[in-house]
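Fold and geometry: a report
What follows is the residue order along each chain.
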Amino acid sequence: ETSQKKAEYSPMEHFLVSAVTTSALAAATNPLDVIRTRMMTQSLGPSQLYRHPLDCATKIAATEGMGAFFRGVVPRTIAVVPATLVFALVYARARKVVDEHAPPAWGGQGK
């Protein structure tokens, strides 16, 4: 007979996993954020620098190098990680409360 033991919830583990994941996603999506910002802040008309996002990415890479796509990644991470951590911890706690009080038909303990 096999018994499966439910893993104990660890807030510190949740915190660390959330921080690492959010930091990686912030870094991975930063190039798109740079392109979006450049497209939105350019002046329109004859002096328009970029015609479309691919044109923008190509020109940034050619003139400024690939590092330009990661400018601002640290401030972005600093801004995003705390909000994600708060959300993750509140979600985990709320889920635990719901699991404890949900009816057994919904998969809860029904306390």
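Before reading on, note that the structure itself is shown above.
Just so it is clear, the structure is predicted and the values come from calculations on it, not from any experiment. (Residues numbered from 1 in each chain as written. Predicted model: local features only at pLDDT ≥ 70, side-chain atom pairs only at ≥ 80, totals over all residues. Heavy atoms only, no water.)

A few points about the packing of aromatic side chains
With the rule as written, the count across this model stands at one aromatic pair. Ring centres of Phe 87 and Tyr 91 lie 6.1 Å apart, and the angle between their planes is 20 degrees; on these two criteria the pair is classed as stacked. Taken together, the residues Phe 87 and Tyr 91, both in helix α3 (residues 73-101) and four residues apart, mark about one turn of the helix. What makes Tyr 91 partly exposed here is its relative accessible area of 47%. (Phe/Tyr/Trp six-rings, centres within 6.5 Å; stacked < 30°, edge-to-face > 60°. Helix = DSSP H or I, 4+ residues; strand = E, 2+ residues; numbered from the N terminus. Buried < 20%, exposed > 50% of the residue type's maximum accessible area, 1.4 Å probe, protein only.)

Considering the packing of helix α1 (residues 11-41) against α3
To characterise two packed helices, one gives the angle between the axes of the helices and the distance between these axes. The interhelical angle for the contact between α1 and α3, taken along N-to-C directions, is 140 degrees, at an axis separation of 8 Å. As summarised for this structure, α1 and α3 are arranged oblique, according to the angle between their axes. As for how α1 packs across α3, the hand of that crossing is right-handed. Contacts between α1 and α3 involve Pro 11, His 14, Phe 15, Ser 18, Ala 19, Thr 22, Ser 23, Ala 26, Ala 27, Thr 29, Asn 30 and Asp 33 from the first element and Val 73, Arg 76, Thr 77, Val 80, Val 81, Thr 84, Leu 85, Ala 88, Leu 89 and Ala 92 from the second. Residue classes in the contact of α1 with α3 are distributed as 12 nonpolar, eight polar and two charged. (Axes fitted to C-alpha atoms, helices over the stretch in contact; angles between N-to-C directions. Parallel < 35°, antiparallel > 145°, perpendicular 65-115°, else oblique. Left-handed = near helix turned anticlockwise from the far one by under 90°. Contact = heavy atoms within 4.5 Å. Nonpolar A, V, L, I, M, F, W, Y, C, P; charged D, E, K, R; others polar.)

Considering the pattern of salt bridges
A complete count under the given rule lists seven salt bridges for this structure. One salt bridge in this structure joins Arg 76 and Asp 33, with 3.9 Å as the shortest N-O distance. One end of the pair, Arg 76, is in helix α3; the other, Asp 33, is in helix α1, and 43 residues separate them in sequence. A salt bridge links Arg 38 to Glu 64, with the shortest nitrogen-to-oxygen separation between them at 2.9 Å. Of this pair, Arg 38 sits in helix α1 while Glu 64 sits in helix α2 (residues 53-64), and the two are 26 residues apart along the sequence. Given a relative accessible area of 33%, Glu 64 falls into the partly exposed group. (Salt bridge = Lys/Arg side-chain N within 4 Å of Asp/Glu carboxyl O.)

Considerations on α1
The principal kink in α1, of about 45 degrees, is found at Asn 30, preceding the proline Pro 31 by one to four residues. All of the buried residues in α1 are Ser 18, Ala 19, Thr 22, Ala 26, Asn 30, Pro 31, Asp 33, Val 34 and Ile 35. Considering only its buried residues, α1 is in contact with α2 and α3. (Bend = angle between axes of the 7 residues up to and from the residue.)

What about α2?
Along an α-helix, residues three or four apart share an orientation, since each turn contains 3.6 residues. Helix length check: α2 (12 residues) gives 16 Å between terminal C-alpha atoms against 16 Å at 1.5 Å per residue, within 8%. Buried residues in α2 make contact with α1. A positive backbone phi angle near 90 degrees is found at Gly 65, which sits one or two residues after α2. (Expected span 1.5 Å × (residues − 1).)

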